[in-house]
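Descriptive analysis of the structure
Spelled out, the chains give:
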Amino acid sequence: MNRRRLLQAGAVIPLVPDSWRGWPRPVPAAAVGPSSRVRPGDSEWPAAADWERLNQDVGGRLIKVESPLAACIEAPESATCTQLFGAMKNPYYLGDDVGLTQTLGWVDAWTSRASVYAVAARTTEDVIAAVNFAREHHLRLVVKGGGHSYQGTSNAADSLLIWTRRMNAITVHDAFVGTGCEGQFEPQPAVTVEAGAIWGQVYDAVTTKAGRYVQGGGCLTVGVAGLILSGGFGSFSKAYGMAAASLLEAEIVTADGAVRIANACTHPDLFWAIKGGGGGSFGVVTKLTVRTHDLPDFFGAVFTTVEAASDDAYRRLIGRIIAFYGEALFNPHWGEQIAFRPGNVLDIAMVFQGLDQQQAETTWRPFFDWLAASPQDFSIESGPTVLAAPAQPFWDPQFLAQVPGLVVADDRPGAPETNVFWASNLEEAGQVLHGYQSAWLPAAFLQQARQHSLVDALFAATRHWSVSLHTNKGLAGAPADAIDAARQTAINPAVLDAFALIISAAEGPPAYPGVPGHEPDRTTARNHAEAIDKAMHEVRTLLPSSGAYLAESDFFEAAWQEAFWGPNYAKLLAVKDTYDPDDLFIVHHGAGSERWSADGFTRVGGR
Ligand SMILES: Cc1cc2nc3c(=O)[nH]c(=O)nc-3n(C[C@H](O)[C@H](O)[C@H](O)COP(=O)(O)OP(=O)(O)OC[C@H]3O[C@@H](n4cnc5c(N)ncnc54)[C@H](O)[C@@H]3O)c2cc1C
């Protein structure tokens, strides 16, 4: 086989075996496809007439992007600038601005940059036109849906953006069968969602209006496509599994401009890859169909904050809550967070499904009694609150507004009443990240003989920074069908044996380099990053591998292929090479990105 044919064959045949486990993966020197992207000012940058042709092709929906932050750099003292920094605490404002992202940056990692042009797509045809234009003109292409990437993967300077925000139609089905799957799969209840919808809109259609359950994310303003492409965990994932594992079918525009249906019967390799293989790497997903489930009778939550009077008492408190989790909460009813904070503080914000008020109270009584028996050691700073509610209105904004402090409304004049977000997500609106690390914790640590090592590590971590167990982001303890479905995705199989994802993070308020008075606080950020590093080091020394959830992980993760996808990475890369042989779709730490410079403009390795 000559060299050219060998390279072409590389587009469909993995060049490394599935069992290959060494990282970083060696990259052969030969390059294929365009070796660099074009920037404004380059002679190859499309002429005005070319852009106008694209504008015609997308029905006038090409936008010349102006970031509101650029105006702020010009006039930092202006009233407009002051208003902007206030408005950026509203996730709906951020999501509706083509030039902004939910996270404005990450100190020493990335800064949100507006694209030069954006196609505000409404149809699949708009997406095709934009993909073809970017490929033909060698442009840096980015895709943005909900804009919630912590890693900054939905923005890039000097790029063309495909913005799916306005593609948000939702159709609920009683009996869905994937294209080409007729006769092979039973029809099942499902919902088809256009790629730019956010989860709050889907819950409104599926749960509030249709009385069904759909597995999405916890945050109401996260994008549907971005979450599913990452894997996707919601508060009740311990019962219903990963959002990606519920995917039945997707419509996707690949780098060649073709529209493909991906499901278990058609393009099953692409179907597998978009289930947790990472956003912005395989094409532009335009539509997704996910299964729906019967709704349980009740959802609910348990909140309390406890402060221990001494280090010794805090160790006992950590030991008790870990043992209690293993005895009473390690099952499909329970999800969300147990946080351990400096100052010997324990914060519990757990949710449940399928239990009523009395059952939830009975479950927690032994733990609350244990606390009450030692008032000299433990003071209850807030709660305990145990609240069960009928499941159907759980995401109904009018119902949520009755609970003080639970949700915040979009405060823009004329905003739809359904535009609400959890108050607990307020800190993240417009944030600048200081640090963010995560790791999956194997369920083996819940065995009695091993609990003490976890307790020691958690205690030691809190000497540096807060760490939080997201118990709904590990699938150990979930029903067998939820685990089997997750096994059919690209995500690192470490999630199957993990009882929780441990996260340690810190952020600052909205800030932007170059805006006096609103510069990110780099000194504080670096101190926080160091503290997070130390805290997570205490936990990592226990762990057999570095598995982490790609959507909620460290920008600086060195062994990202192994961490996010484990043994699945070689297969993922092979799918990438089949459908995007020239790497039109490249994002930070996405499949194939090791072949590109950090800014995605220059090829540094071949296949
Ligand atoms: C406040 C907050 C809360 C969060 N809560 C959760 C949670 O509860 N559970 C959880 O699992 N994760 C959560 N995340 C992480 C979130 O799921 C991921 O960041 C997700 O990728 C965001 O999707 P998006 O569409 O909103 O973001 P975007 O930034 O628009 O997209 C994320 C990535 O997907 C790509 N992408 C987006 N749309 C498409 C498309 N149509 N086709 C191809 N690629 C596309 C983008 O290019 C980008 O690489 C949260 C993040 C934030 C900021």
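Placed above this text is the structure.
I will try to describe carefully the structure that is included in this document. (Residues numbered from 1 in each chain as written. Predicted model: local features only at pLDDT ≥ 70, side-chain atom pairs only at ≥ 80, totals over all residues. Heavy atoms only, no water.)

As a further point, take the state of the cysteines. Overall, the coordinates contain 2 disulfides when judged by the stated rule. Between the sulfur of Cys-72 and that of Cys-81 lies a disulfide, 1.9 Å long from S to S. Handedness here is read from the sign of the S-S torsion; for Cys-72 and Cys-81, about 110°, the answer is right-handed. Here Cys-72 falls in the buried class, since its relative accessible area comes to 2%. Here Cys-181 connects covalently by a disulfide to Cys-265, the sulfurs 2.1 Å from one another. Since a negative S-S torsion denotes a left-handed disulfide, the Cys-181-Cys-265 link at about 120° is right-handed. Placement of the pair is Cys-181 in the loop between β7 (170-176) and β8 (188-194) and Cys-265 in the loop between β11 (259-263) and α10 (268-274), with a sequence separation of 84 residues. The cystine pairing of the chain, numbering bonded cysteines in sequence order, is 1-2, 3-4. (Disulfide = S-S within 2.5 Å. Buried < 20%, exposed > 50% of the residue type's maximum accessible area, 1.4 Å probe, protein only. Helix = DSSP H or I, 4+ residues; strand = E, 2+ residues; numbered from the N terminus.)

Here we come to the packing of aromatic side chains. Considering all chains together, one arrives at 38 aromatic pairs under this definition. Centre to centre, the rings of Phe-555 and Phe-556 are 5.2 Å apart; their planes meet at 75°, and the pair counts as edge-to-face. Connected via pairs of aromatic rings, a cluster forms that spans Trp-199, Tyr-203, Tyr-213, Phe-236, Tyr-240, Phe-299, Phe-394, Trp-395 and Trp-422. Its guanidinium or amino end placed over the ring of Trp-596, Arg-37 lies 4.0 Å from that ring's centre, counting from NZ or CZ. Here the basic side chain of Arg-450 rests over the ring of Phe-445, its NZ or CZ set 4.4 Å away from the ring centre. (Phe/Tyr/Trp six-rings, centres within 6.5 Å; stacked < 30°, edge-to-face > 60°. Lys NZ or Arg CZ within 6 Å of the ring centre and 35° of its normal.)

Generally speaking, nonpolar side chains in soluble globular proteins are found buried as a group. With 81 residues, the main nonpolar core has Trp-199, Ile-228, Phe-282, Trp-395 and Leu-572 as its most contacted residues. Dropping the residues within four chain positions of it, Trp-395 is found in contact with Tyr-203, Thr-207, Thr-208, Tyr-213, Leu-220, Phe-236, Phe-299, Leu-400 and Trp-422. Residues Ala-443, Leu-454, Leu-469 and Ile-502 belong to the second largest nonpolar core, which totals 49 residues. (Core = buried A, V, L, I, M, F, W, Y, C linked by side-chain atoms within 4.5 Å. Contact = heavy atoms within 4.5 Å.)

Below, the discussion takes up the sheet that holds strand β6 (residues 159-163). The sheet built from 4 strands is open, its strands ordered β1-β4-β6-β5 with mixed pairing. Each edge of the open sheet carries a strand with a single partner, namely β1 (62-64) and β5 (140-144). Put simply, the sheet's adjacent strands are angled 25° from each other on average, direction ignored. As defined by bridge partners, β1 adjoins strand β4 (residues 117-120) across 3 bridges and the pair is classed as antiparallel. Paired with Leu-62 across the strands is Val-119, a residue of β4. Strand contacts of helix α2 (residues 48-57): β1, β4 and β6, with the helix running at about 135° to β1, the strand carrying the most contacts. (Pairing = 2+ DSSP bridges. Axes fitted to C-alpha atoms, helices over the stretch in contact; angles between N-to-C directions.)

With that out of the way, let us pick up the environment of Ala-197. When you line up the elements, Ala-197 lands in the loop between β8 and α7 (199-209). In sequence terms Ala-197 and Pro-187 are 10 residues apart; their C-alpha atoms lie 24 Å from each other. Beyond its immediate stretch of four places on either side in the chain, Ala-197 contacts Met-167, Asn-168, Val-202, Val-222, Gly-223 and Val-224.

Now for helix α4 (residues 79-87). Spacing of three or four residues puts side chains on the same side of an α-helix, whose turn is 3.6 residues. Taken together, the buried positions of α4 are occupied by Cys-81, Leu-84 and Phe-85. Seen from one end, α4 has its buried residues packed into an arc of 95°, which puts them on one side. The exposed set on the far side of α4, more than 90 degrees from its buried face, consists of Ala-79, Thr-80, Thr-82 and Gln-83. Tucked into the core, α4 has its buried residues touching α3 (68-74) and α5 (91-96). (Arc of directions from axis to C-beta.)

So, about the environment of Leu-501. With respect to the helices, strands and loops of the structure, Leu-501 is situated in strand β21 (residues 498-508). Overall, Leu-501 belongs to the buried group, its relative accessible area being 0%. Between the C-alpha atoms of Leu-501 and Gly-547, which are 46 residues apart in sequence, the distance is 9.5 Å. The residues contacting Leu-501, other than those within four sequence positions of it, are Ser-438, Ala-439, Trp-440, Ser-468, Leu-469, His-470, Lys-473, Gly-474, Tyr-549 and Glu-552.

With that out of the way, let us pick up the site of the ligand. Lining the immediate environment of the ligand, one finds 34 residues, of which Val-143, Gly-145, Ser-154, Phe-233 and Tyr-549 sit closest. Residue Val-143 places a main-chain N or O atom 2.6 Å away from an oxygen atom belonging to the ligand. Contacts to the ligand include Gly-218, whose backbone N or O atom sits 2.9 Å from an oxygen atom. Relative to its unbound accessible surface of 940 Å², the ligand loses 96% to contact with the protein. Those elements that place two or more of their residues in the shell around the ligand are β5, α8 (224-230) and β12 (284-294). At 5 residues, α8 tops the list of elements feeding residues into the shell around the ligand. Broken down by class, the residue content of the shell around the ligand amounts to 14 nonpolar, 17 polar and 3 charged. (Near = heavy atom within 4 Å. Polar contact = N/O pair within 3.5 Å; in protein donor to acceptor, adjacent residues only side chain to side chain. Areas by Shrake-Rupley, 256 points an atom, 1.4 Å probe, with all protein chains shown as cover. Nonpolar A, V, L, I, M, F, W, Y, C, P; charged D, E, K, R; others polar.)

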